[in-house]
Amino acid sequence: MQNKVILVSSNQLGRGDQELGENILETFFTILKQKQELPKAVFCMNSGVLTMTEESLVSVHLRELEEKGVNILACKTCADHYGVTDKLTAGKISGMGEFIDLAAKYEVLTIS
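Everything numeric in this text was worked out from a predicted model, so none of it was measured. (Residues numbered from 1 in each chain as written. Predicted model: local features only at pLDDT ≥ 70, side-chain atom pairs only at ≥ 80, totals over all residues. Heavy atoms only, no water.)

**A word on the environment of asparagine 46**
You can see asparagine 46 is positioned in the loop between strand 2 (41-44) and helix 2 (58-67). Sequence separation of asparagine 46 and serine 59 is 13 residues, and the distance between their C-alpha atoms is 16 Å. In this view, asparagine 46 contacts Ser9, Cys78 and Tyr82; residues no more than four positions away in its chain are not counted. Within the structure, the side chain of asparagine 46 is placed 2.9 Å from the side chain of tyrosine 82, a separation counted as a polar contact. (Helix = DSSP H or I, 4+ residues; strand = E, 2+ residues; numbered from the N terminus. Contact = heavy atoms within 4.5 Å. Polar contact = N/O pair within 3.5 Å; in protein donor to acceptor, adjacent residues only side chain to side chain.)

Have a look at this one:
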């Protein structure tokens with residue numbers, strides 16, 4: 001995992017029931033943060049930026065990953081679109097340029 005960037009493109013994992021998808025995504029990050037090898041970064045785009053707010057239980061896990069040295073990044077355009085730029089409880093605002101730079105250096109694992 002240490003040579004990976006996780007791209008979170010939705011506030012749920014998989015298609016179908018929203019609540020189930022949110023729970024599965026939370027489980028993913030619950031298990032991830034317990035691993036020895038952590039990703040280089042988590043980049044959230046589209047509705048994935050919603051996971052970085054207090055309205056998502058995922059934000060707790062993202063804060064813990066951030067405390068362990070993982071870069072937690074939000075697409076500025078997406079955060080502005082969803083009106084959450086000032087509501088992030090984990091991570092920081094970034095842009096596609098930084099994501100492209102990360103993707104050039106590390107393998108991207110897309111969670112959608």
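**Regarding the pairing of strand 1 (residues 4-8)**
On any regular strand, side chains alternate: one points to one face of the sheet, the next to the other face. For strand 1, the tally of buried residues reaches four of five residues, placing the bulk of the element in the interior. Pairing geometry for strand 1 and strand 5 (residues 107-111), over five bridges, is parallel. Note on strand 5: the bridge partner recorded for valine 5 is valine 108. (Buried < 20%, exposed > 50% of the residue type's maximum accessible area, 1.4 Å probe, protein only. Pairing = 2+ DSSP bridges.)

**Description of the sheet that holds strand 2**
Reading across from one edge, 4-3-2-1-5 is the order of the five strands in this open sheet, with parallel pairing throughout. Unpaired on one side and paired on the other, strand 4 (92-94) and strand 5 mark the two borders of the sheet. Going across the sheet, the axis of each strand differs from the next one's by a mean of 30°, ignoring polarity. (Axes fitted to C-alpha atoms, helices over the stretch in contact; angles between N-to-C directions.)

On their own, these measurements won't tell you what the molecule is for.
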